[in-house]
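# Close look at the chain arrangement
Here is how the chains run, residue by residue.
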Amino acid sequence: MRPVVKSMRLHGGKRMTTVQLEPEFWGQLKTAAEAEGLSVAKLVDRIRGENPESRNLASTLRVWCVQRLAGGGS
């Protein structure tokens, strides 16, 4: 499947960013966010905050989703 580009505000709405992920990853993020009572943007912001050394947000999100599916993530 082709990646989907989404824009969102991070850091309490102070910073706009664009992320390109495959639909399966967006689905995993949406499911996780709903389970935690968060918006996808707030979950992405939290994941980013947990990985400050990462320079590639899309890769960080993919790894987070895979770890979550494997039972080792949040």
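That block above? That's the structure.
Predicted model only: the values in this text are computed from it and were never measured. (Residues numbered from 1 in each chain as written. Predicted model: local features only at pLDDT ≥ 70, side-chain atom pairs only at ≥ 80, totals over all residues. Heavy atoms only, no water.)

Another point: helix α2 (residues 40–50). What α2 keeps buried is the set Leu 43, Val 44, Ile 47 and Arg 48. All buried residues of α2 lie within an arc of 140° about the axis, which places them on one face of the element. Residues of α2 that are exposed and angled more than 90 degrees away from the buried face: Lys 42 and Gly 49. On its buried face, α2 is in contact with β1 (4–10), α1 (23–35) and α3 (57–69). (Buried < 20%, exposed > 50% of the residue type's maximum accessible area, 1.4 Å probe, protein only. Helix = DSSP H or I, 4+ residues; strand = E, 2+ residues; numbered from the N terminus. Arc of directions from axis to C-beta. Contact = heavy atoms within 4.5 Å.)

Moving on to α3. Between its first and last C-alpha atoms α3 spans 18 Å; for 13 residues at 1.5 Å apiece the expected length is 18 Å, and the two agree. In this fold, the buried residues of α3 make contact with β1, β2 (15–21), α1 and α2. Two to three positions downstream of the cap, the backbone nitrogen of Ala 58 sits 3.2 Å from a side-chain oxygen, assigning the N-cap of α3 to Asn 56. Just downstream of α3, Gly 71 is the residue with a positive phi angle, here 90°. (Expected span 1.5 Å × (residues − 1). Polar contact = N/O pair within 3.5 Å; in protein donor to acceptor, adjacent residues only side chain to side chain.)

Before going further, it helps to spend a moment on the packing of α1 against α2. Their axes nearest at 9 Å, the elements α1 and α2 cross at an angle of 95°. The angle between α1 and α2 falls in the class roughly perpendicular. Contacts between α1 and α2 involve Trp 26, Leu 29, Lys 30, Ala 32 and Ala 33 on the former and, on the latter, Val 40, Leu 43, Val 44 and Ile 47. Across the contact of α1 with α2, the residue classes break down as eight nonpolar, no polar and one charged. (Axes fitted to C-alpha atoms, helices over the stretch in contact; angles between N-to-C directions. Parallel < 35°, antiparallel > 145°, perpendicular 65-115°, else oblique. Nonpolar A, V, L, I, M, F, W, Y, C, P; charged D, E, K, R; others polar.)

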